[in-house]
Amino acid sequence: MTRQPETLQEKQAKELLRKIVMTTVNVDSEQLDPLIKLAELVKYRKNHVIIEERKVADYFYFVYKGIVRVYFYKNDKLVIERFEKEGGLFGGNFTHISNKPGRHVYESVEDVVLLRIKYSELDELCRRSHAIERVYRIMMEAFHSSYVERLFTFKSLTSEERYTEFIEQYGDIANRVSLKDIANYLGMTPETLSRIRAK
């Protein structure tokens, strides 16, 4: 497959990815060049399923524009686990490592612009570059740490506290995601959420 020349938007997305990685990991900008070079820009319309349930993910994604909701089904009921917004990363909850089909669905809540890196290419780059392997490991550790903290926090908070936490973490997307989806994520009914928001 022949790569098209980079657009301005792709260059901007790659620079944002570089900046976010450098904020998380102490690494020189030029050490990231091979990683950034692997990234390709993709765009999806609202309600597009990016990673399907029962699939092994082929790509690792960076959200440049838009919101992705991550959910699974429990007893035939959709359960929203999290949202990924601008600056967020996702990639199939490590199905590429286990090589087992995933339980999660990754769907765009609005039109999205993403960078994606093929896992097989990332794996090969990690084999060749200790610096990139270290970057990947630290990024995954940071993601896992924040994920575990979020789970702990949500399990120990009241409904009102969970909503306050949501606003602190996702406040900039509160008006871009449906009330129904926010309530689902918070583990409450839309009516309960409406009452909390009215206070």
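A brief look at the structure comes next. (Residues numbered from 1 in each chain as written. Predicted model: local features only at pLDDT ≥ 70, side-chain atom pairs only at ≥ 80, totals over all residues. Heavy atoms only, no water.)

## Focus: the overall build of the protein chain
Counting secondary structure elements, the protein chain contains eight helices and eight strands. A compact globule built from 199 residues should have a C-alpha radius of gyration of about 16 Å, and the protein chain, at 18 Å, falls within 12% of that. Based on the C-alpha atoms only, the size of the protein chain along its principal axes is roughly 55 × 35 × 30 Å. Of all 199 residues assigned to the protein chain, the portion counted as buried reaches 44%. (Helix = DSSP H or I, 4+ residues; strand = E, 2+ residues; numbered from the N terminus. Rg over C-alpha atoms; globule rule 2.2 N^0.38 Å. Buried < 20%, exposed > 50% of the residue type's maximum accessible area, 1.4 Å probe, protein only.)

## Considerations on the sheet that holds strand β5 (residues 77-84)
If you trace the four strands from one edge of the open sheet to the other, you get β2-β7-β4-β5, paired in antiparallel fashion. Only two strands of the sheet have a single partner each, and these edge strands are β2 (49-51) and β5. Mean inter-strand twist for the sheet, computed between neighbouring axes without regard to direction, equals 35 degrees. Pairing geometry for β2 and strand β7 (residues 105-108), over two bridges, is antiparallel. Paired with V49 across the bridge in β7 is E107. Across the sheet, helix α7 (residues 179-186) is in contact with β4 (68-74) and β5; its angle to β5 comes to roughly 95 degrees. (Pairing = 2+ DSSP bridges. Axes fitted to C-alpha atoms, helices over the stretch in contact; angles between N-to-C directions. Contact = heavy atoms within 4.5 Å.)

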